[in-house]
2 protein chains.
Amino acid sequence: MKKYKIVIVEDHLLLSQAIGNIVDSFDDFEVICLCNNGKELTEKFSNSDVIPDVILMDINMPIMNGIETTEWLTKHHPNVKVLALSVEDDEDTVLRMLRAGAKGYLLKDVEKSILEEALLEVIKNGFYHTKDVTDILMNSICGEQESIQFKENELIFIRYACSEMTYKEIAEKMFLSPKTIDGYRQVLFGKLGVKNRIGLAMYAIRNKIFMP
Amino acid sequence: MKKYKIVIVEDHLLLSQAIGNIVDSFDDFEVICLCNNGKELTEKFSNSDVIPDVILMDINMPIMNGIETTEWLTKHHPNVKVLALSVEDDEDTVLRMLRAGAKGYLLKDVEKSILEEALLEVIKNGFYHTKDVTDILMNSICGEQESIQFKENELIFIRYACSEMTYKEIAEKMFLSPKTIDGYRQVLFGKLGVKNRIGLAMYAIRNKIFMP
DNA sequence: TTTAAAAAAAGGGTTTTTCCCTTAAATTAT
DNA sequence: ATAATTTAAGGGAAAAACCCTTTTTTTAAA
């Protein structure tokens, strides 16, 4: 009986081997390859004609992360199913991974049996989603997004506003008049409902516009 | 031949089982128990007289984390060796774990063979440190730490300074004169080498005094 | 293609907040 | 009692915040 071929992309060797063992213990699956990162995977795909059925993909990896790699796969090998396997459970990461084309998203604290079920489902139906992920999906649709859009200059200004530069210095850096910068400031304070530069900086950090 | 007894404390079930399998495959070790968090471990210790030789301890766990749990073990069961097993490789976490009494610190990307070596070393010599961890240790000793100490009021002020409150409002909240607050501000600017409130807020976030 | 509307960039000027230096009283430690 | 530390406070300059107006550029429409 033919087994489905699995590739694991995961930079933590111990975990990679461990998942490999578990998957190998399933009747219908066999691990054909372990990759340390996305780059390694894309190279393997180029130099070989053995194509896996499912890829178990970590997200936080050096060199080429899970989201980038999944995008690449969706583009170049749309028939290969990607199942994300990560510790990240924040909405943003989950959504970006699904948008990139992942067929499912498992948290690393799943049980063996769920992993097996997920693999079978992905093969059979093309997708597998736990309740957690479905909730996140629903939430992202229902919860009126609002998602404020920024112009390029506004983003640049916001980042400078998170530094110790004065507005005058920011103006110089951006080759604009201090008065224009003051305009940006005023517009953004209104848009974001903040009272001062500290509020702006905190907004920037919370929304990952600026990383401290 | 008697095998050394290992307990694994790890909230991610998949990883927990996986590590369990690996450890069971070693000749000299057997896993006697898996715990989801520190609390579970302390309860097991109270209700049983089977004491393990080594505990493989994750750090990020709900309810009772690895550092707290290690502190508890160091106090109540100093003979049980704790080997930290984590993805966190930042200096701060490593140091806190070692200070709590861990005998070694492995990153989760270690190979099987290293894990076995670490377990054997911990049993034999009482400790095991990889080069990475030794480097961090050295760095923390050599690199003049400076580690700025804050008074309680300073910490409270710093956190308020990360909000949109004016200094006057902060003064009211803290039942102090605005001029006293201004004093705090000035002292802290000097201590931390920042130029303005934004700099102070960013310092607070970088050093985990304030979480945005 | 000219014209109208909208958005971006600047300017002027006022109020408030921040920042910095210095001094003094009150508290705490030696 | 004396020395440090903490708390409080004044004066003044700079920066930030705010509001309203004008010019320039971009975009859309007639």
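Residues numbered from 1 in each chain as written. Chains lettered and ligands numbered in written order. Predicted model: local features only at pLDDT ≥ 70, side-chain atom pairs only at ≥ 80, totals over all residues. Heavy atoms only, no water.

Participant: Could you clarify how one ought to interpret the protein's contact with DNA strand C in this entry?
Facilitator: If you check the shell around DNA strand C, you find 17 residues, and the closest are A:Lys151, A:Lys179, A:Thr180, A:Tyr184 and B:Tyr167. Here the atoms of DNA strand C within 4 Å of the protein split so that 66% fall in sugar or phosphate, with bases taking the remainder. Contact between DNA strand C and A:Thr180: a phosphate oxygen at 2.5 Å from a side-chain N or O atom of the residue. Separating a phosphate oxygen of DNA strand C from a side-chain N or O atom of A:Tyr184 is a distance of 2.4 Å. Secondary-structure elements contributing two or more residues to the surface near DNA strand C are α9 (178-192) of chain A together with α8 (167-173) and α9 (178-192) of chain B. (Near = heavy atom within 4 Å. Polar contact = N/O pair within 3.5 Å; in protein donor to acceptor, adjacent residues only side chain to side chain. Helix = DSSP H or I, 4+ residues; strand = E, 2+ residues; numbered from the N terminus.)

Participant: Looking at this structure, how should I read the nonpolar core?
Facilitator: Soluble globular proteins tend to bury their nonpolar side chains together. Within the largest apolar cluster, 48 residues are counted, with the highest numbers of intra-cluster contacts made by A:Phe150, A:Phe157, A:Leu200, B:Phe150, B:Phe157 and B:Leu200. Mapped onto this core, the elements with two or more residues apiece are α7 (152-161), α8 (167-173), α9 and α10 (197-206) of chain A together with α7 (152-161), α8, α9 and α10 (197-206) of chain B. Those residues in contact with A:Phe157 that lie beyond four places of it in its chain are A:Tyr167, A:Ile170, A:Met174, A:Ile181, A:Tyr184, A:Arg185, A:Leu188 and A:Leu200. Listed in part, the 44 residues of the second largest apolar core include A:Phe29, A:Val54, A:Leu106 and B:Leu115. (Core = buried A, V, L, I, M, F, W, Y, C linked by side-chain atoms within 4.5 Å. Buried < 20%, exposed > 50% of the residue type's maximum accessible area, 1.4 Å probe, protein only. Contact = heavy atoms within 4.5 Å.)

Participant: Help me understand α10(B), please; the structure alone is not making it clear to me.
Facilitator: Residues spaced three or four apart along an α-helix face the same direction, because each turn holds 3.6 residues. Of all the 10 residues making up α10(B), nine are buried; the element is thus mostly covered by neighbouring parts of the structure. Among the residues of α10(B), B:Arg197, B:Ile198, B:Gly199, B:Leu200, B:Ala201, B:Met202, B:Tyr203, B:Ala204 and B:Ile205 are the ones counted as buried. Taken together, the buried residues of α10(B) touch α7 and α10 of chain A together with α7, α8 and α9 of chain B. Phi turns positive, to about 60 degrees, at B:Lys208, one or two residues after α10(B).

Participant: Help me understand the pairing of strand β5 (residues 104-107) of chain A in this model?
Facilitator: A regular strand places its side chains so that they alternate between the two faces of the sheet. All names here are of chain A. Bridge analysis of strand β4 (residues 81-86) against β5 gives four bridges, and the strand direction is parallel. When the sheet's bridge partners are listed, Ser 86 is paired in β5 with Leu 107. For the crossover that starts at β4, traverses helix α4 (residues 91-100) and ends in the parallel β5, the hand is right-handed. (Pairing = 2+ DSSP bridges. Right-handed = clockwise from strand over helix to strand, strands pointing away.)

Participant: I tried to follow the pattern of salt bridges on my own but got confused; where do I start?
Facilitator: Where charged atoms from two side chains of opposite charge come close, those side chains can pair. A complete count under the given rule lists 10 salt bridges over all chains for this structure. We note a salt bridge from A:Asp90 to A:Lys208, for which the minimum N-O separation is 3.8 Å. Taken together, the residues A:Asp90 in the loop between β4 and α4 and A:Lys208 in the segment after α10 connect sequence positions 118 residues apart. Given the relative accessible area of 23%, A:Asp90 is considered partly exposed. Under the relative-accessibility criterion, A:Lys208 is labelled partly exposed at 45%. The salt bridge partner of B:Asp182 is B:Arg185, with a shortest N-O separation of 2.9 Å. (Salt bridge = Lys/Arg side-chain N within 4 Å of Asp/Glu carboxyl O.)

Participant: Explain the interface of chain B and chain A here, please?
Facilitator: By a frequent convention, interface size equals the accessible area lost on bringing the separate parts together. With 34 residues of chain B in contact, the opposing surface of chain A contributes 33 residues. For the pair chain B and chain A, the summed buried surface comes to about 2,800 Å²; carbon and sulfur atoms form 69% of the total. The largest contributions to the chain B side of the interface with chain A come from B:Leu14, B:Glu164 and B:Ile198, which together make up 26% of the buried area. Linking chain B to chain A there are zero salt bridges. Residue contributions to the side of chain B that touches chain A peak at eight residues, all from helix α1 (residues 13-25) of chain B. Broken down by class, the residue content of the side of chain B that touches chain A amounts to 19 nonpolar, six polar and nine charged. (Buried area = accessible area lost by both parts, 1.4 Å probe. Nonpolar A, V, L, I, M, F, W, Y, C, P; charged D, E, K, R; others polar.)

Participant: Could you clarify how one ought to interpret the relation of the copies chain B and chain A in this entry?
Facilitator: Superposition of the two copies of the chain requires a rotation about an axis together with a shift along that axis. When chain B is fitted to chain A, the best match, at an RMSD of 0.4 Å, comes from turning it 180 degrees and sliding it 0.1 Å along the axis. The transformation just described matches what one would write down for a two-fold rotation axis. Looking at the rotation axis and the C-alpha trace of chain B, the residue lying nearest is B:Ala18, at 2.4 Å. When the interface residues of chain B are mapped onto chain A, 97% of them are again interface residues, pointing to one common binding face. (Least-squares fit on C-alpha atoms with pLDDT ≥ 70 in both.)

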